[in-house]
Amino acid sequence: MAESVPSTTIEMADPSSPLESGSPGVCGAFYSELAEETRQSLQQAAKFLKSSDYMIVFAGAGMGVDAGLGTFRGGGRMLFPPVEERKISYPHACKPARMDEDDLYGGPPFAWAFWKTCIDSYAASNPHRGYEILGEWAEKLQAKKEKDGPIEEPILRSLWSSAVALTGGSTPRVPSSTVQVCTSNVDGYFERISTFKGHVHELHGCVLRLQCQGKTRSSSSQPIVCPNATKTWPIGEEELRSMKIDPEKYHVVGSLPTCHGCNRPARPNVMMFNDAQYLTERGAESQEEICERWREGVVHAVKHYRKCCLALEIGAGKEVPTVRQKADEFCKLAGCPLVRINLHDYGKEIDHSRSGSGVDAGGDAGTSSGKYPFVGLPMSAAPALQLLDWLSFHS
């Protein structure tokens, strides 16, 4: 990890978990102390997990809290002392305008001090045990799929797919992978788990990838034409090492990451506030397209081959409900159960502006046109996943 500066250390809530050891005895003792309603919810979630053929994880900022990372709101939010000492709020610091050379806060040197602080905090922590557990579940599902053998398409369906292909169209295919992740987090943690590599859709980008800034001044009327204008690329280790933070000015001293296409300052490929410049890569092998094909394929497998999919929504809040909406939309399409793990917002509420009629009072969530089984767990990510693992495979 690059040199850290004490004054840029991020303060956050204590991430300690009562199940840190993960032993069956500890899990059993902790489980017995839970409220009866929570135990019943855990048991139902474990039944969903054990009967599943596929799994999709919808993860928000709360997923990283047990790893020592903060959220961006509420009591467990990240605190950036050098930024807040200057009376700059996080949403104000996290804007593409901070990258402009004529920005009143100092332009790219200030902006990159902020983002370097984020990168260092992510590098200083490790994914908690819950990430590994999800990876182990994915391996179990893949082994189950290989044991069951390939799904045989009925002759008529196969002929129909071939006919559609001849006209230039396509029909959903049962996915070869049993797992997909859809996350708003920009820390890159899921990609650290080998099982998830190539199966992660980072909705808001990742701090470890760069994109062309596209312009250098707020007053620029014409965007710079750059051969990298539609591309993203990983930040280099040397680029990270070369950025040192001056604790007095809270500016990066030394060279900044640059675009290889136009040699102007690059920026993180992260969706910032009021960000019209954020680049979402398109194409057949983009994260978004891979995720969309997987979801279509799973809906196809559920509806035509009686396969089961479990949707896990972890740490997704209401203030920016993108992840919750994505989970709701998928579960309505697939009719699959949703297990919502959230220490505070674990109820069945969904966004009425997007989904209409809300929820009913039973065990189903969604609209009248697309209800699905639902379980809410009032827990943080790591303990909930450890208890689910214990109940499903070790109790």
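See the structure shown above.
So, here is what we can say about the structure in this document. What you see is a predicted model, and the numbers here were worked out from it, not measured in a lab. (Residues numbered from 1 in each chain as written. Predicted model: local features only at pLDDT ≥ 70, side-chain atom pairs only at ≥ 80, totals over all residues. Heavy atoms only, no water.)

Things to note about the pairing of strand β4 (residues 205-212)
Applied cut-off: Partly exposed describes any residue whose relative accessible area lies between the buried limit of under 20% and the exposed limit of over 50%, with all areas from a 1.4 Å probe on protein chains only and scaled to the type maximum. Numbering goes from the N terminus for both helices and strands, where a helix is a DSSP run of H or I of at least four residues and a strand is a run of E of at least two. In this description, strands pair whenever DSSP reports at least two bridges between them.
Within β4, six of the eight residues are buried, which leaves the element mostly enclosed by the surrounding structure. The sheet contact formed by β4 and strand β8 (residues 266-270) spans five bridges and is antiparallel. Looking at the pairing, Cys 212 lines up with Ala 266 of β8.

Let's talk about the sheet that holds β8
The strands making up a sheet associate through backbone hydrogen bonding, with each pair oriented either parallel or antiparallel. To be explicit about the condition: Working convention: axes come from line fits to C-alpha atoms, limited for helices to the stretch in contact. Angles between N-to-C directions cover 0 to 180 degrees.
What the three strands build is an open sheet, ordered β5-β4-β8; its pairing is antiparallel. Only two strands of the sheet have a single neighbouring strand rather than two, namely β5 (232-234) and β8. Pairwise comparison of adjacent strand axes, ignoring direction, gives a mean angle of 50 degrees for this sheet.

Regarding unusual backbone geometry
The phi dihedral of Tyr 250 falls on the positive side, at around 55 degrees, and the residue is not glycine. Within the secondary structure layout, Tyr 250 lies in the loop between β6 (244-246) and β7 (251-253). Phi angles above zero are rare outside glycine, and Asn 274 is one such case at about 55 degrees. One can find Asn 274 in the loop between β8 and α9 (287-305).

As for the packing of helix α2 (residues 36-50) against helix α12 (residues 381-394)
To keep it simple, the criterion reads: The scheme is simple: roughly parallel for angles under 35 degrees, roughly antiparallel for over 145, roughly perpendicular for 65 to 115, oblique for anything else. Each crossing gets its hand from how the near helix is turned against the far one by less than a right angle, where anticlockwise is left-handed and clockwise is right-handed. By definition, residues are in contact when any of their heavy atoms lie within 4.5 Å.
Two numbers describe how α2 lies on α12: the axes approach to 9 Å, and their chain directions differ by 65 degrees. One way to sum up the angle between α2 and α12 is to call them roughly perpendicular. Note that α2 runs across α12; the crossing there is right-handed. Of the residues in α12, those in contact with Leu 42, Gln 43, Ala 45, Ala 46, Leu 49 and Lys 50 of α2 are Ala 384, Leu 387, Leu 388, Leu 391, Ser 392 and Phe 393.

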